[in-house]
Amino acid sequence: MLKDSALKSTEGTKLFHHTIVKRPGTTYVNGLTTSDLGKPILEKAFEQHDAYIEALKKCGTEVTVLPSNDQFPDSTFVEDTAVLTPEFAVISNPGAEARNGEIHDMEPAIKSFYDKIYYIKAPGTLDGGDILQAEDHFYIGISARTNQEGAEQLKLILESENYKATIVPLQKFFHLKTGIAYLGNQTIVAAGEFVDHPDFNSYKKIIVPPEEEYAANCIRINDYVIIPSGYPQTKQSIEEAGYQTIELDTSEFRKLDGGLSCLSLRF
């Protein structure tokens, strides 16, 4: 159970009180990537991370900022290290060998908020970027980083805690949340393979056009939806659906396959 605050309002809408981020280190430019967008500009990445922290504060969360760790160039992408619910935390087992040790920096921070913690154990691997929560239902992506064993372990944990869980094998996206976001009110933002995916047919959909696919990785935090800047059609669609938006430049994180959700743990 979370140690210090209830996270559900009387309407049943989940409210986020806390966020955890980790500063990029000087080795960030050497992180893993499948993109061909060039090397990140370190000073610009620092500036973009500062703006991200300010946005999290504007959304009404208390931000815990962890120091950088140059041993792990990708460790600013904290989302992959854990899955957090109002009642318990799950420490993941990241699928990239170079990133696996990141969980050891994250564990003390999570223990400062949670009494009940589960662990994904090898040979299971799991990245938090493959986990989407929609109210009491979790979707678990099978990707290059999350394997069947890791997905099954998480499914068992979630079901033992009275959540629903569905395993979703990915066709093209890097992580599940690369192509889908949940905004509350039974509404999802969907791109690519998730636009017509049978597992998500019961939701109201905000469709991201192919040329704006990166914008599918947006995050709803309390009264705002934070979106990457430069995607006007998606921004307009989200605002027409009744949401306030905050736009942030994420160019230096996109270069390492990162998006808005990757940069924080929200609970």
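See above for the structure.
First, a word on what this report is: a plain description of the structure on this page. (Residues numbered from 1 in each chain as written. Predicted model: local features only at pLDDT ≥ 70, side-chain atom pairs only at ≥ 80, totals over all residues. Heavy atoms only, no water.)

**Concerning the sheet that holds strand 14 (residues 244–248)**
Heads up, the condition is: Strand pairing requires that DSSP identify at least two bridges connecting the strands. Helix numbering and strand numbering both begin at the N terminus, where a helix is a DSSP run of H or I of at least 4 residues and a strand a DSSP run of E of at least 2. Angles run from 0 to 180 degrees between N-to-C directions of axes, and those axes are lines fitted to C-alpha atoms, restricted for helices to the stretch in contact. We call two residues in contact when some of their heavy atoms are within 4.5 Å.
Across the sheet, which stays open at both edges, the three strands sit in the order 12-13-14 with mixed pairing between neighbours. The sheet is open, and its two borders are formed by strand 12 (219–221) and strand 14, each paired with just one other strand. Each strand axis lies, on average, 30° off the axis of its neighbour in the sheet, ignoring direction. The sheet contact formed by strand 13 (residues 224–228) and strand 14 spans five bridges and is parallel. Looking at the pairing, P228 lines up with L248 of strand 14. This element, helix 1 (residues 42–58), spans strand 12, strand 13 and strand 14 of the sheet and lies at about 165° to strand 14. Packing against the sheet, helix 4 (residues 232–240) makes contact with strand 13 and strand 14, and its axis sits at approximately 155° to strand 14.

**Remarks on the packing of aromatic side chains**
What characterises a pair of aromatic rings is the spacing of the ring centres plus the angle enclosed by the ring planes. To keep it simple, the criterion reads: Between the rings of Phe, Tyr and Trp (Trp by its six-membered ring), a pair exists once the centres lie within 6.5 Å; its type follows the angle of the planes, with under 30 degrees stacked, over 60 edge-to-face, and the other angles tilted. The buried label goes to any residue with under 20% of its type's maximum accessible area, the exposed label to any with over 50%, and the partly exposed label to all in between, with areas taken from a 1.4 Å probe on protein chains only. In our convention, an over-ring charge means Lys NZ or Arg CZ found within 6 Å of a ring centre and within 35 degrees of that ring's normal.
Considering all chains together, one arrives at 15 aromatic pairs under this definition. With a centroid separation of 5.7 Å and 40° between ring planes, the pair formed by Y114 and F267 is classed as tilted. Note that Y114 is positioned in the loop between helix 2 (102–111) and strand 5 (117–119) and F267 in the segment after strand 15 (265–266), a separation of 153 residues in sequence. Each member of the pair, Y114 as well as F267, is classed as buried. Ring centres of F173 and F194 lie 5.5 Å apart, and the angle between their planes is 20°; on these two criteria the pair is classed as stacked. Here the residue F173 occupies a position in the loop between strand 8 (164–169) and strand 9 (180–184), and F194 occupies one in the loop between strand 10 (187–190) and strand 11 (204–207), the gap between them amounting to 21 residues. One aromatic cluster is present, formed by Y139, F173, Y182, F194, F200 and Y203 through successive ring pairs. Sitting over the face of the ring of Y214, R254 holds its NZ or CZ atom 4.4 Å from the ring centroid.

**A look at the side chain of S264**
Quick note on the threshold: Identification of polar contacts relies on pairs of N or O atoms within 3.5 Å, with a donor-acceptor requirement for protein atoms, meaning one able to donate a hydrogen and the other able to accept it, and with residues adjacent in sequence counted only if both atoms are side-chain atoms.
Tracing the backbone shows S264 in the loop between helix 5 (251–254) and strand 15. For S264, a relative accessible area of 1% gives the class buried. Among the polar contacts listed, one links the side chain of S264 to the side chain of Y52, at a separation of 2.6 Å. With sequence-adjacent residues up to four places away left out, S264 is seen in contact with I20, V21, Y52, L56, V78 and E79.

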